[in-house]
Amino acid sequence: MNKPPASLFVGVTGASGAPYAVRLVRALADAGCELTLCLSDAGVAVVAHELELGVTGRAEVTAAFLDAAKAQAHVYSPDDLTAPVASGSNFPDAAVVCPCSMSAVAHIALGTTRTLIHRAGDVALKEGRPLVLVPRETPLSEIHLARLLDARRAGAVIVAPMPGFYSLPRTLDDAIDFVAGKVLAALGFEQRLSPPWEGLHK
Ligand SMILES: Cc1cc2nc3c(=O)[nH]c(=O)nc-3n(C[C@H](O)[C@H](O)[C@H](O)COP(=O)(O)O)c2cc1C
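Please read these numbers as outputs of a predicted model, since none were measured by experiment.

Cut-offs and rules
Residues numbered from 1 in each chain as written. Predicted model: local features only at pLDDT ≥ 70, side-chain atom pairs only at ≥ 80, totals over all residues. Heavy atoms only, no water. Pairing = 2+ DSSP bridges. Helix = DSSP H or I, 4+ residues; strand = E, 2+ residues; numbered from the N terminus. Buried < 20%, exposed > 50% of the residue type's maximum accessible area, 1.4 Å probe, protein only. Polar contact = N/O pair within 3.5 Å; in protein donor to acceptor, adjacent residues only side chain to side chain. Contact = heavy atoms within 4.5 Å.

Peer 1: Quick question: what am I supposed to make of the sheet that holds strand β2 (residues 34-39) here?
Peer 2: The strands making up a sheet are joined through hydrogen bonds of the backbone, oriented either antiparallel or parallel. Spatial ordering of the open sheet is given by β3-β2-β1-β4-β5-β6, a layout of six strands whose pairing is parallel. Each edge of the open sheet carries a strand with a single partner, namely β3 (74-75) and β6 (157-158). For strand β1 (residues 7-12) and β2, the ladder comprises six bridges, and the chain directions are parallel. For Val 12, the partnering residue across the bridge sits in β2 and is Leu 39.

Right, here's the structure in full:
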């Protein structure tokens, strides 16, 4: 990738990992990215739970999420398949789904679009735009692995949220930063959240 995306679609689904999404969106906003955001229905529930937001409605959860991320975004509901990002003629420079449920991985990999997040993945692939998926499940079944391979072969970059311990994280935030940094790097950003390996300390 030559230069980092100036505009980005961010899908947040109902896989565990809302803190990764907050950290990622905050970093993208800091980088001056124009953001289009869509939380799936399950994403709303998981974000509300994992961020302990104390609110449940889509509008309230989305606002609290953006507040936590210190970011602004064009926000669309997952059933709005008329949104600009549903078309290749008005698609951002890149797309990321973080965290990405195995259901969303499968829909994107198989092209069986049901929501705006699936459609954004579909459009990114058909238009040849960078698409980064951050899938989370464990253990992974053969079905999960097969669909991840399908998505990779179709052009998606799979960034599994697997914090490395070689960077000697001291806090949970350090581990979250590590994953967010890997996603930023996969999108083409220069980033400092995930420190480069500089060899063993002697
Ligand atoms: C608290 C919670 C955590 C979940 N974690 C995961 C997960 O890590 N990975 C996953 O694939 N699904 C997870 N699920 C299930 C998904 O939310 C469910 O499959 C949903 O249908 C995904 O829909 P979506 O892709 O539209 O968000 C979780 C559900 C809940 C309530």
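There's plenty left to go through after this.
Peer 1: Looking at this structure, how should I read the side chain of His 144?
Peer 2: Here His 144 lies in helix α6 (residues 142-154). Residue class for His 144 comes out buried when judged on its relative accessible area of 19%. Among the polar contacts made by the side chain of His 144, one reaches the main-chain amide nitrogen of Ser 141 at a distance of 3.0 Å. Apart from residues lying up to four places away in sequence, His 144 is in contact with Met 102, Glu 137 and Pro 139.

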